[in-house]
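# Coordinates in review
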Amino acid sequence: MSSTDHIVKSFDEELSRLSDQISRMGGLAEVQIERAIESLQRRNSEEAAHIIEEDMRIDELQVEIEELAIQMIARRQPLATDLRATVAGLKIAPLIERIGDYAKNIARRTIALNQNPPIKPMFTIPRMGRMSRGMVQDVLDAFSNNDLAKARAVWERDAELDDMYDSLFRELLTYMMEDPRSITSCTHLLFVARNIERIGDIATNIAEIVHYQVEGQPLTEDRPKTDEASVTVVDNN
Amino acid sequence: MSEENTPKEVEAAVETSNETEVAEAHSTKVNAEKVNVFYGDNHALKDITIKIPEHQVTSFIGPSGCGKSTFLRCINRMNDTIDICRVEGTIEIDSRDIYDRAIDVVQLRAKVGMVFQKPNPFPKSIYDNIAYGPRIHGMVAGKTDTDELVEASLRRAGLWDEVKDRLEEPGTGLSGGQQQRLCIARAIAVSPQVILMDEPCSALDPIATARIEELIDELRQNFTIVIVTHSMQQAARVSQKTAFFHLGDLVEQGNTEQIFTNPEDKRTQDYITGRFG
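## Some details on the packing of helix α4 (residues 126-136) of chain B against helix α5 (residues 143-156) of chain B
Residues and elements named next belong to chain B.
- At a minimum axis separation of 9 Å, α4 and α5 run at an interaxial angle of 115°. Classified by the angle their axes make, α4 and α5 are roughly perpendicular. Crossing of α4 over α5 shows right-handed handedness. Of the residues in α5, those in contact with Tyr-127, Ile-130, Ala-131 and Pro-134 of α4 are Thr-146, Leu-149, Val-150, Ser-153 and Leu-154.
- A breakdown of the residues in the contact of α4 with α5 according to their chemical character gives 7 nonpolar, 2 polar and no charged.

Structure (structure tokens):
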């Protein structure tokens, strides 16, 4: 439904502010993902340390957004779309904060990885990184614009990210079996890949929240999921 | 058929005793079909069709002048007292048309009680406020009967403990909240089946309001309640079914939960979110 203005203008202003702050928080998280992957590829520990520091700004925004949403509930007693928007904001803020944490974690792993010589060039990880960043960007766009189709596309795209993670998992297992000296580095990379895959999962959680905000009903379908990594076994022979 | 309840049966039993009751599961107490009301040439209500479920609270919401109070007054034919008011269409209670010639309107108004926005106790003692109705309806035989009925009604309205030692004092000497509960007790005393409430808490402070809301929740075990209210939050709190009126039309009706979280009509959405210009 199209939105007419509230009779009380400050209510409109608060709702706008909530949406803007979520976009800002999301933007910061996207940049953190991008920089984390770059610092990993370039083996840049200084850049990685900077990313770890910057995560604090995302945490601060989460506190601000949650406070704003709580105030709105107390003051405005929102109903219908306003209520769903406020609740959506309350639910999305901690999700973005976790995305930031995953990016920070990737930066930490980068610093650890840089203690060891580089292993074979990994194309899959930067590809996964770009994909997850794209998913976060698209889903937050969808949230700002109540774009159900866009949210759903993100929701479905996660299957591809899961597939990439599954094949990377196998690849890293075989490297470790070929050369035990690479085990430390490969294990760190496994965690990096896992973090990126989790960022994709969170993007789908946000997509489900967008669905609820627009439709007023939760999304009850099962997401197409191919999480084979958790049951993958590679022969030792 | 098994003697013990299977897990499925237990689950089903728990679901139906759940707080969020579905309005459709209750039988219909009041059935209105294509009701049109005119004040002279002014077409105040247009083709109102609604089923009021038994033992539930139904709330009517809408901006001032939308017709919700007018419709409320149709249910106990209070509009009969207004000369220029003309009612068309059907209103049935327990499948009997209340506008049928054979209906005794006085009996109807005992069966369908009303509580108004401004508490209006009779200029009588607290005791006589309650006793008046049952006496004139011949519902009580003597003093003992009357005493019991007065006490029962005041207890049900949550007022007994506060007034039991001063039943001879005038009803008008009570606080606003107490007066309103007195009016509810008065309505209950004549054994109604439906209680109509027209903004019963508008004149009351938040604590008195909360007590009335609590009372409404208890009363619906035994009565069918229809409440007109300007407070969206109150409607959301006390009712199971909500109907939104606008400019004489019944725009939308449904489960209270659904109306307030996900209304279908834009007008409903605009009204409840405070977007009406």
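There's plenty left to go through after this.
## Description of the environment of Ser-69 of chain B
Residue and element names in this part refer to chain B.
- Looking at the secondary structure, you find Ser-69 in helix α2 (residues 68-75).
- Placed 158 residues apart in sequence, Ser-69 and Ile-227 show a C-alpha to C-alpha distance of 9.4 Å.
- In this structure, Ser-69 is in contact with Asp-198 and Val-228, ignoring residues within four places of it in sequence.

## Concerning the nonpolar core
- Formed by 70 residues in total, the largest nonpolar core has its most connected members in Ile-75, Ala-185, Val-194, Ile-195, Leu-196, Ile-225 and Val-226 of chain B.
- Considering every element that reaches this core, the biggest residue donor is helix α7 (residues 176-189) of chain B, with 7 residues.
- Apart from the residues within four sequence positions on either side, Ile-225 of chain B is in contact with Val-57, Ile-195, Met-197, Ile-216, Leu-219 and Arg-220 of chain B.
- Counting 58 residues, the second-largest nonpolar core is a separate cluster that includes Leu-40, Ala-93, Ile-111 and Ala-193 of chain A.

## As for the sheet that holds strand β10 (residues 249-255) of chain B
Residue and element names in this part refer to chain B.
- With mixed pairing, the 6 strands of this open sheet are ordered in space as β6-β7-β8-β3-β9-β10. Two strands close off the open sheet at either side, each with one partner strand: β6 (112-115) and β10. Strand-to-strand twist of the sheet, defined as the mean angle between neighbouring strand axes without regard to direction, takes the value 15°.
- In this fold α7 packs onto β6 and β7 (194-198), with an angle of close to 170° to the strand it touches most, β6.

## Points about the pairing of strand β4 (residues 85-93) of chain B
All names here are of chain B.
- Sheet topology note: the strand β1 (residues 28-39)/β4 ladder contains 8 bridges and is antiparallel. The partner of Glu-33 across the bridge, within β4, is Thr-90.
- In this structure, β4 lies alongside strand β5 (residues 96-97), joined through 2 bridges in antiparallel fashion. Along β5, the bridge assignment pairs Ile-93 with Arg-96.
- Following β4, the chain reverses through 2 residues before pairing antiparallel with β5; Asp-94 in that reversal takes a positive phi of roughly 50°.

## Here we look at the interface of chain B and chain A
- The interface is formed by 14 residues belonging to chain B together with 14 residues belonging to chain A.
- Residue classes in the side of chain B that touches chain A are distributed as 5 nonpolar, 6 polar and 3 charged.

## A closer look at the sheet that holds β4 of chain B
- One open sheet accounts for 4 strands, arranged β2-β1-β4-β5 (chain B); its pairing is antiparallel. One side of each edge strand has no neighbouring strand; the edge strands of this open sheet are β2 (42-53) and β5 of chain B.

What counts and what doesn't
Residues numbered from 1 in each chain as written. Chains lettered and ligands numbered in written order. Predicted model: local features only at pLDDT ≥ 70, side-chain atom pairs only at ≥ 80, totals over all residues. Axes fitted to C-alpha atoms, helices over the stretch in contact; angles between N-to-C directions. Helix = DSSP H or I, 4+ residues; strand = E, 2+ residues; numbered from the N terminus. Parallel < 35°, antiparallel > 145°, perpendicular 65-115°, else oblique. Left-handed = near helix turned anticlockwise from the far one by under 90°. Contact = placed C-beta atoms within 7 Å. Nonpolar A, V, L, I, M, F, W, Y, C, P; charged D, E, K, R; others polar. Core = buried A, V, L, I, M, F, W, Y, C linked by C-beta atoms within 7 Å. Buried ≥ 20, exposed ≤ 12 C-beta atoms within 10 Å, placed from the backbone. Pairing = 2+ DSSP bridges.

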